[in-house]
Each structure stands twice: as C-alpha cells, then as structure tokens.
Amino acid sequence: MLRAPLAAALAAAFACRGAPTSTARHTLVDARDTYDPRSLDPALSTDVPTGRAVSYVFEGLTRFTADARLEPDLATRWTRSADGRVYTFHLRAGVKFQNGRPLTARDVVHSFTRALDPATHGGRAEPLLPIRGAEAFADGKAPVIAGLAAPDDSTVVITLDQPLAIFPKLLAMPVASILPADAPANVSDHPVGTGPWTLVRWKHDDYLLFARNPDYWGGAPRADSLEARIIAEPSTAVAEFEAGNVDVAEIPPDEVERWEADSARKRLLHDAPSLQLVYVAINTTRGALQDRRVRQALNLAIDTKTILAQLVHGRGTQAAGVIPPSLGGADTTRAPYPYAPDSARALLAAAGHAGGIDVQLWTGATPIMVRVAEAIQAYLNAVGVRTTIVQRDASTARDAARKGEADLFLKDWYADYPDAQDFLDPLLGGGNTGLGGNVSFYRNPAFDGLMAAARREPDDAKRDALYRQADSLAYADAPMIPLYFYDKLYAVQPWIDGFTLPVIFNGQRWTGVRIRTPARP
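Definitions and cut-offs
Residue positions are counted from 1 within each chain, in the order its sequence is given. Predicted model: local features are reported for residues with pLDDT of at least 70 only, side-chain atom pairs are reported and counted for 80 or more only, and whole-chain, interface and lining totals are derived from all residues. As a rule here, side-chain values cover all heavy atoms of the structure and leave hydrogens and water aside. A run of H or I in DSSP becomes a helix once it reaches four residues, and a run of E becomes a strand once it reaches two; helices and strands are each numbered from the N terminus. Only C-alpha atoms enter the radius of gyration, while the globule expectation follows 2.2 Å times N to the 0.38, with N the number of residues. When a residue's accessible area, from a 1.4 Å probe over protein chains only, is under 20% of the maximum for its type it is buried; when over 50% it is exposed; and in between it is partly exposed. We call two residues contacting when some pair of their heavy atoms lies within 4.5 Å. To be clear on the numbers: accessible area is Shrake-Rupley with a 1.4 Å probe, and residue cover counts the displayed protein chains and nothing else. Axes here mean lines fitted to C-alpha atoms, for a helix over just the part in contact, with angles spanning 0 to 180 degrees between N-to-C directions. Should the near helix be turned counterclockwise from the far one by less than a right angle, the crossing is left-handed, whereas a clockwise turn marks it as right-handed. Working definition: roughly parallel below 35 degrees, roughly antiparallel above 145 degrees, roughly perpendicular at 65 to 115 degrees, and oblique for all remaining angles. Under the convention adopted here, Pro, Cys and the residues Ala, Val, Leu, Ile, Met, Phe, Trp and Tyr are nonpolar, Asp, Glu, Lys and Arg are charged, and Gly plus all remaining residues are polar. Here a salt bridge means any side-chain nitrogen of Lys or Arg lying within 4 Å of a carboxyl oxygen belonging to Asp or Glu. Pairing between two strands requires that DSSP report at least two bridges joining them.

The subject of this paragraph is the overall build of the chain. Within the chain, the regular secondary structure consists of 16 helices and 19 strands. For the chain, the C-alpha radius of gyration of 24 Å lies close to 24 Å, the compact-globule estimate for 521 residues. Overall, the chain is about 75 × 65 × 40 Å in size when its C-alpha atoms are taken along their principal axes. In the chain, which comprises 521 residues, the share counted as buried stands at 54%. When contacts within the chain are restricted to residue pairs at least 6 apart in sequence, long-range pairs at least 24 apart make up 70% of them. Accessible area for the chain stands at about 21600 Å²; split by element, carbon and sulfur atoms hold 50% of it.

What follows deals with the packing of helix α14 (residues 421-428) against helix α15 (residues 445-456). α15 packs onto α14 with a crossing angle of 145° between their chain directions and a minimal axis gap of 11 Å. The element α14 and its partner α15 pack so that their crossing is left-handed. Contact residues: Gln421, Leu424, Asp425 and Leu428 in α14; Phe447, Asp448, Met451 and Arg455 in α15.

Next up on the list: the packing of α15 against helix α16 (residues 460-477). Helix-helix packing is characterised by the crossing angle of the two axes and by the distance between the axes. At a minimum axis separation of 9 Å, α15 and α16 run at an interaxial angle of 165°. The angle between α15 and α16 places the two elements in the roughly antiparallel class. Handedness of the α15/α16 crossing: left-handed. Seen from α15, the contacting residues are Ala446, Phe447, Leu450, Met451, Ala453 and Ala454; seen from α16, they are Arg463, Leu466, Tyr467, Gln469, Ala470, Leu473 and Ala474. Looking at side-chain class alone, the contact of α15 with α16 contains 11 nonpolar, 1 polar and 1 charged residues.

Under the definition given, this model contains 32 salt bridges. A salt bridge links Asp33 to Arg52; its shortest N-O distance comes to 2.5 Å. With Asp33 in strand β1 (residues 27-33) and Arg52 in helix α2 (residues 48-57), the pair connects residues that are 19 residues apart, well separated along the chain. For the pair Asp33 and Arg52, one class covers both residues: buried.

Once that is clear, we can look at unusual backbone geometry. A positive phi angle, near 70°, is found at Ala68, a position not held by glycine. The exposure class assigned to Ala68 is buried, which follows from its relative accessible area of 13%. Its identity is not glycine, yet Asp205 carries a phi of approximately 65°, on the positive side. Relative to the assigned elements, Asp205 resides in the loop between β8 (197-203) and β9 (207-212). Residue classification places Asp205 among the exposed positions, given a relative accessible area of 57%.

Taking strand neighbours across the sheet as the criterion, the 4 strands line up as β4-β5-β7-β6 in an open arrangement whose pairing is antiparallel. Unpaired on one side and paired on the other, β4 (75-80) and β6 (148-152) mark the two borders of the sheet. Sheet twist, expressed as the mean angle between neighbouring strand axes with direction ignored, is 20°. Bridge count for β4 against strand β5 (residues 86-91) is 5 bridges, and the pairing is antiparallel. The residue of β5 that forms the bridge with Arg77 is His90. Helix-sheet contacts for helix α3 (residues 105-116) involve β5, β6 and β7 (155-159), and the interaxial angle to β6 is about 170°.

Moving on, we come to the pairing of β9. The pairing of β8 with β9 spans 6 bridges and is classified as antiparallel. The residue bridging Thr198 from the neighbouring strand is Ala211, located in β9. Bridge count for β9 against strand β10 (residues 225-230) is 5 bridges, and the pairing is antiparallel. Of the residues in β10, the one forming a bridge with Ala211 is Ser225.

Everything listed is a geometric property; what it means functionally is a separate question.
Rendered as structure tokens:
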C-alpha cells in the first residue's frame with residue numbers, strides 16, 4: 001500500500017530538484033532484482049537473482065565477460081582431445097577460498113558431484129549433464145560420475161558422453177561454481193567461495209550486503225561493499241534511483257517515453273541487448289499449419305515493425321531468425337519477413353485456403369503479451385486467418401503448447417548461456433519437441449544434421465557458419481513467427497565509474513566499479 005505513494009513522492013522530488021549529481025555513499029547499490037534469490041547454494045542456482053548473487057561469492061573454471069565472451073577463471077587454460085570428448089583443465093595457482101584453504105582439483109570434483117547428487121533436491125545441473133556418467137549418477141543409477149577425475153591437485157580431467165565444442169561455456173554457469181569439499185551443509189547461510197565478494201548480511205526480500213574480499217586472487221574490488229536491493233515493483237526501483245538511493249535500475253517499458261523525453265534523465269540511460277526472443281510458435285503438426293506456405297503467410301501478415309515501435313516503445317530489434325545479433329552465428333544481413341498482407345493472402349490461396357483458416361492463439365496473462373497478442377490477432381484476421389485468443393496463466397499456456405494443443409503460442413525465450421546453440425537446439429531441434437522447448441514440433445533432418453556438426457566443431461568461425469545455415473534453413477520453413485529481440489533499458493548514476501551492462505546475467509561482478517568521490521567545493 002505504501003509503494004505507489006512512495007514512488008510518486010520520490011518522482012515528484014526528482015522533478016522539483018533534478019537528478020542528484022553525487023552521493024556520499026561508499027556502498028554500490030544494484031536494484032535490478034525484483035525477487036529474493038532462492039539460495040546462495042550454487043547447486044540450487046535456477047534463476048537470475050540466485051545466479052547473480054552466487055557469482056559474487058563463487059567462481060567456476062570459466063566465466064563470461066560483460067560482453068558475453070568466455071575467458072579463464074579458476075582454470076587458466078584447458079585442452080581438448082582430438083575426438084572432442086576429453087577436456088583437461090589446469091587450475092590457477094595460489095587461489096584460496098574465503099576461509100583461507102587452497103583450491104585443489106578435489107574441490108572441483110566434489111562441487112560437480114554435489115550439484116548432480118540426487119540428494120541435492122531442486123537443483124538444475126543441466127550444464128554438467130554432458131559429462132560421462134553424470135545422468136546415471138543424477139538418476140541414482142550409478143555411485144560415482146565416471147567422467148570426472150583429478151589426477152593431481154592442479155588438474156581436472158572431464159570426459160564427455162559426446163563431443164561438445166561449447167562445453168567450457170557451460171562451466172561458466174553458476175551451478176558449476178566451485179566450493180570447498182569441506183563446506184558446511186548449510187552453504188546458503190554460510191557461503192564460502194573464491195570470489196571477489198563475501199556475504200555480510202541477507203535480509204530476505206529486502207537486500208543482500210556483500211563486502212569486498214581483500215585477499216581475492218584477482219585483486220580486491222575497487223568498492224568497499226556491494227548491496228543487491230530486492231525491489232518488487234519496477235516503478236519503486238526507478239523512484240529510488242531518482243532519489244539517488246540506488247546506482248543501477250531497469251527502466252520498465254511504460255516508463256521509457258518519460259525518460260527519453262527528459263534530457264536530464266536521458267543522459268543516464270544505457271541499453272543492453274538481452275538474450276530474449278519474443279516469438280509465436282506455430283505448431284507444424286496441426287491442420288493447415290503443416291503447410292509451409294501457410295506458415296510463411298502468417299509471417300507476412302504481421303507488421304512487426306509497428307508492434308515493436310508502438311507496443312514495445314522501440315526497445316528491441318526485429319528478428320530474422322532465432323539467433324540474437326549479439327551472438328556468433330547471427331546473420332545480420334538477412335532481411336526479416338516484410339509486412340505484405342496481399343502476399344499473405346496469395347500464399348493462403350495457393351495452399352488451398354482462399355476462404356481463410358481458423359486458429360487459436362494462446363498467450364499468458366502478462367499485460368505486454370496480451371497487447372501483442374491482440375495486435376497479432378487483428379493482423380491475422382485482416383488476411384482471413386480467423387484468430388481466437390486463448391489467454392491463460394503462463395503455466396497452463398505453456399503446458400498446452402508442450403502437449404501440442406495450441407495452434408499458435410505467443411511466448412518468449414531467455415537463453416541460459418550466450419551461444420546460438422541455446423536458441424537453435426531447444427526451440428527447433430527435432431529431439432526437443434514438446435517438453436524440450438520446441439513447441440513448434442518442427443522436425444527437419446537437415447537442420448538436425450547441421451546442429452550435430454556444430455556441436456562437434458571446435459573452430460568458432462566454422463561453428464558459427466553452421467549455426468547460420470541451420471538458422472537460415474529453419475527461417476525459410478517458418479515454424480514460428482520471430483518477432484523481436486528485446487533490449488533492456490537501464491539507468492546508471494553519473495557517479496558510477498567502470499560499470500558495463502552485461503549481456504548475460506552473471507557477466508558483471510562489479511570488481512572494477514567504484515563510486516566517484518564528489519569534488520570538493
């Protein structure tokens with residue numbers, strides 16, 4: 001009840017006196033999270049706030065930079081066998097946990113085993129499942145993980161079931177973080193990692209306070225402390241930003257116009273491409289939708305540019321495939337489907353549906369999704385595709401789509417890691433229909449063959465070329481209507497130095513960020 005008046009009061013104060021230009025705070029305050037982390041246990045890292053907080057305290061063998069590049073972390077280097085199945089990681093010398101104990105290869109084996117242990121209820125250790133024997137161990141069918149070995153204190157050897165060229169990227173995910181083999185059972189309450197920050201206090205649903213680790217192997221963070229604020233209402237986070245109480249906040253879509261129209265506010269804005277695709281899955285097994293010409297007609301019937309400009313306030317890039325332009329493999333020269341209703345009608349007629357067809361468009365209850373669904377309905381109706389919107393809660397809509405009960409399903413997809421494979425495989429792979437994420441039920445052996453080759457290809461440029469071919473092939477088959485990649489908009493205080501908005505949620509650990517000291521009068 002207090003949130004709305006508080007937000008209004010803080011916004012009014014901003015309007016009267018203008019934005020603060022300096023702060024006496026010494027603690028960095030991040031307000032990007034809208035709900036409490038589930039845990040600070042890496043094995044239970046299943047959501048963004050949890051993964052972000054875990055990445056402050058813990059580290060993995062590899063890590064992502066703010067611009068989503070992979071770089072060494074606790075492993076200084078690694079080699080890959082000729083058959084692509086065996087990775088040998090060499091650990092960084094001199095690294096210590098925050099309790100003073102040295103890092104050894106045994107800790108890596110313990111951490112991966114613990115994350116996969118069926119006794120660790122509620123985790124999501126998919127990044128580790130490519131390891132030989134990991135799935136059997138996780139299912140309780142094997143006593144150990146056959147593909148994990150520590151031949152000495154500084155070497156970890158990981159054998160995979162199948163070649164997977166991007167496996168080192170999976171090890172940069174929070175669930176693959178390393179904790180000491182002798183860590184206490186209540187890891188979440190007493191997290192001990194090798195990372196740049198240590199937990200000081202966690203006031204649930206309010207904030208987490210971290211202090212810099214003065215003994216961090218990579219050099220202590222520039223700031224004394226970091227606070228992750230939990231603010232459920234985006235408008236409240238924005239108001240707190242305007243009052244100077246937080247340093248970084250996301251600007252919600254309905255606030256974008258106000259911020260961009262004000263010169264003082266606009267100077268503080270920074271955008272970042274997010275790994276989020278908004279699209280309409282077309283069930284390629286249902287009725288007229290089995291015909292590629294009909295699916296192409298649906299793409300031609302929709303004015304995505306107008307939807308993006310008017311409903312999303314231009315916060316995105318029109319999609320011409322499923323790979324975000326910020327990732328390798330994206331074909332940025334490919335033109336999106338144009339808005340061509342006459343061509344859409346012609347394709348429908350050529351497919352034997354001159355009188356139109358009837359479809360159901362399923363969507364969740366998120367306001368922006370409902371508005372986009374209504375716009376799509378109007379465009380489709382205009383070319384004779386009589387569209388009924390079926391609005392359900394997100395879980396019900398998702399379940400119906402996975403069971404193949406939805407003709408069309410308006411949804412979004414967030415990648416877990418920054419690689420084209422995490423869009424192509426789950427959304428379009430023939431082995432991932434239904435529960436696996438491919439709710440278009442698209443199957444194309446040529447597409448699957450290209451993806452199988454990409455998984456084995458160690459050369460980045462050659463792998464990206466395979467991704468582009470697969471994406472192009474699927475785009476022509478039109479198993480979906482790719483709408484746009486959403487770009488998030490953030491406000492960053494003028495006194496913050498060294499902060500770069502990350503493409504991936506755990507790509508910014510705040511180690512090089514500081515608050516500029518106000519100039520003396």
